[in-house]
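# Summary of the model geometry
Now for the letters of each chain:
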Amino acid sequence: MAVQLLPQCENLREHVETILNLWQQDPTLSGKQDTTRIQASLSKAISPTFEIVFAGAFSAGKSMLINALLERELLYSAEGHATGTECYIGYAEPNAERVVLTFLSEQEVQEQMTAFCAFLNLAPSLSRLEDTALNPLKERAEAIIQQEGGKSKSERAKQADALRLLITGFQQNRDKIHPTENKVFSMEQLNFGNLREAAGFARRGANSAVLRKVEYYCHHPLLEDGNVIVDTPGIDAPVKADAERTYRKIADPDTSAVVCVLKCAATGELTKEETELIEHIQSNDSIRDRVFYVFNRIDETWYNAQLKHRLENIIDQQFRQLRVFKTSGLLGFYGSQIKATTPEDRFGLDTIFSESIKELGGEEETPQFVSEFNKYCTSGRLVGSPFRPSVHGYDTPINNYVRILREWGKPLIEYMIKDSGIEDFRAGITRYLTEEKRPQLFSALADDLQPLCIEMRKSYLDLYRDIDSQPKEIDSMISYELTLINQQLASIGREFDEHIQTVVNKVINGENKEFENDFRKLQARMVRRLDELLDTFSLDNVYSQAVRIRPRNSTAPFLAVLVEAFYYLSNHLEDILVESASTLVENFFRRLVDEVRSSSYYRQLFRLLGSDGDLEKKLLLVKEVTLSSLVNGARKECDRYLRESPRFYEEGTFSIYQFREVLKQTSQSYDISAIQDAEPGIRQLLKLDFEPKINQTVRSSFRQETNNTLKTQLLPVAKQVADEILQKYPEAKQFMEATLRKEAEEKIALNQQRLKELEASIDKYNQAVSGINLCLQALGLNREMLPLITRPEPSSVGESVQILASLPEQQVGDSNASEAVALGRSTPIDESFPELDSILDDLR
Ligand SMILES: Nc1nc2c(ncn2[C@@H]2O[C@H](COP(=O)(O)OP(=O)(O)OP(=O)(O)O)[C@@H](O)[C@H]2O)c(=O)[nH]1
Ligand SMILES: [Mg+2]
């Protein structure tokens, strides 16, 4: 089944992989495009096999269509759920036809049985698959089929029938089923004399139930060149696991093309499952547009004008410009089979159909094809043809069939086969497989590679130009570097300024996490401190303080007590706010200095000056100014706490009510005891006045103060520093002159190294692309070739470098055409890359 690639294409995988590796290794390129699509198209192009999967609704006629395509009865085709396993049909030499059968493992059989039992609400013990457990289960399944009135009468009956077949299959093939492995048998091991017998075994329902995979190897020209036809269970098969197998096959990267067999000729509409199938097909990169849509059962539209009309609408609206075929697998297949029959065997009734005829009480049962044939003769399809068959209502279908064929013979059969559309389908598939497939697969690969190559070529040339434009002598490198100093100083200053702006903006917008944390701590400390102060301050002390101020008097007004308490609270709160604000500023600047130190502009500044040019010192100065400004702000803020808020004394507020109550209490006597008794009330009063003030501070005014201070202190300094850095040119020049020699030496060496690597990459790229282009040419593809890279002449070295000088001779080739491709001259590529000329001009 292996396919011989053209000699020019033998190293295709290697070439494409070289390009992909170069792409992956280059960090500037690797993230830009996804290469999985290229890998998929590469494996398709060089794969020895090409799997064509037939998929569609169950009973759409997939198996019949494959039989018709190959003109032999290979696959089991029947009403109801016929195919339960994947069947592969590959190529064999005429005398080497064979079948390979892969059986389920006992474990898999058990899993399937358990699933059926769960559906049927049966709870048998299946720990060991002994007949003692299986026979009663089979009887239960048969009973269910009877109850439901037949095996296809309901979903329950269908599942019961599937279970029955599975049990029978397991019992009959026990010797071929391993506990955990999938055993594989050749035809000879199973004592089948030929493919027909083996296929007959696999077709039987019970056997097919325990088969995991069937592989046929047949002699047919369609299967040459590695083509493999795959038959699958219907996507809406009543046995869920079977349907899932089909979906898995559709997603499988081994699947290369799909024949989507649709049933809408018989139903007049696309089902939900069919639409889903089409979507699934489209999402597999291994399939792309390699899809054939077959509207099978077309014969049904011949007897029903409405169906015909609906089918035409569907095709017109949804399948225009796609590969569409209309077929009758049934008429096409049996037509091909009865061509070889004679009046003596009653046109196949005694041979091909002998099994399906089985006499029923002396009367023969009509095979499906015979009825369909008679229907065909009266369908109107023969109008305008030389045939005039008549079906007599008074005679049996079988007699009509034999008589008509006797009268009209082979020409009528030929006519019907033509009508069945099978020949057109076969011709279409054959043309695709023999003429279009290979070129198309390679073309798809080239299409996928093209954008990648264009990107690589551009990137390599840009890099080449960049390295090449840099001085190659130490002295010129030094003067080149010196010319850059001004520019570098300016960008250091600009980056510093931008950095500070970003930091300040983040604080203002509340996006600096650490700063927000610190500020929240400040808020919490203020609120907690107020509570502590209210809880712990001593009224005795406050009262004594008020009395002490006026030595002439031995008592003090309640208001004086309040006044002292106000001073006490405000002063203590000020202490805590000042302390917290200092911590906030300290932390903020510590982080800022750390960030600045680890920035690239800071390193660059060191490189140019050998120091940071007092940058850090300046930041610390700003810190001091910011700190004192914010401490002042904090003091001012807390000083204002001394003023009672006017709301506090407003008529009708709780605070004024409380004030009066306390006043009443304190005026009871003139010694300290009245004040002491009023202590809870006084605390309450203080709380009512202070809480809103603190809230205002921590939630709004002090935050605003902080933001403003940072902004007004930091931003102007950042600008000023940027300017100062720019002024450092003389210092930088002096310093750099001393260090540049060593740096220049290193840089030149590095550039040489980079250039060497780049040249090696370009050579590798060119070799790979020439290899691919030669393969594309050998296939006779009339398409744009992949772009080669013509390395520009180095600007300071006079000699011209012929880039492909290192190409092996056989790749450059003898013919002028292939030489032109290999050298990247006068091919369609040059026209598609006009920018190359301008790059070359620039470099010269
Ligand atoms: N009228 C008519 N019947 C057809 C045609 N093709 C297939 N059939 C019948 O439809 C039934 C199902 O055919 P299969 O080939 O088993 O269909 P399938 O798609 O393989 O079905 P599953 O394997 O069960 O998914 C059989 O009885 C066929 O004889 C057709 O073109 N016209
Ligand atoms: Mg089938």
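Described below are features of the structure shown in this document.

Thresholds applied
Residues numbered from 1 in each chain as written. Chains lettered and ligands numbered in written order. Predicted model: local features only at pLDDT ≥ 70, side-chain atom pairs only at ≥ 80, totals over all residues. Heavy atoms only, no water. Salt bridge = Lys/Arg side-chain N within 4 Å of Asp/Glu carboxyl O. Helix = DSSP H or I, 4+ residues; strand = E, 2+ residues; numbered from the N terminus. Buried < 20%, exposed > 50% of the residue type's maximum accessible area, 1.4 Å probe, protein only. Pairing = 2+ DSSP bridges. Axes fitted to C-alpha atoms, helices over the stretch in contact; angles between N-to-C directions. Contact = heavy atoms within 4.5 Å.

## Structural notes on the pattern of salt bridges
- One pass over the structure, following the stated rule, counts 50 salt bridges.
- One salt bridge in this structure joins arginine 72 and glutamate 97, with 2.9 Å as the shortest N-O distance. Pair noted here: arginine 72 is in the loop between α3 (62-70) and β2 (86-91) and glutamate 97 is in the loop between β2 and β3 (98-103), with a separation of 25 residues, a long-range link.
- Glutamate 97 sits in the partly exposed class, given a relative accessible area of 21%.
- Lysine 747 is the salt-bridge partner of glutamate 481, the closest N and O atoms lying 3.1 Å from each other. Note that glutamate 481 is positioned in helix α19 (residues 474-508) and lysine 747 in helix α28 (residues 729-778), a separation of 266 residues in sequence.
- Judged by its relative accessible area of 3%, glutamate 481 falls in the buried class.
- Overall, the relative accessible area of 30% leaves lysine 747 in the partly exposed class.
- The network of salt bridges with shared partners includes Arg37, Asp285, Arg288 and Asp448.

## Re the sheet that holds strand β7 (residues 255-262)
- Within the open sheet, the nine strands sit side by side as β4-β3-β5-β2-β6-β1-β7-β8-β9. Their pairing is mixed. Looking at strand neighbours, the two that pair on one side only are β4 (184-186) and β9 (323-326), the edges of this open sheet. The average undirected angle you get between the axes of adjacent strands in this sheet is 20°.
- Bridge analysis of β3 against β4 gives three bridges, and the strand direction is antiparallel. Across the sheet, valine 100 pairs through a bridge with serine 186, a residue of β4.
- Relative to strand β1 (residues 50-56), helix α9 (residues 240-251) is tilted by about 140°, and along the sheet it contacts β1, β2, β6 (227-231) and β7.
- The sheet strands contacting helix α11 (residues 272-282) are β1, β7 and β8 (291-295), and the helix crosses β7 at an angle near 165°.

Keep in mind these numbers describe shape, not what the thing actually does.
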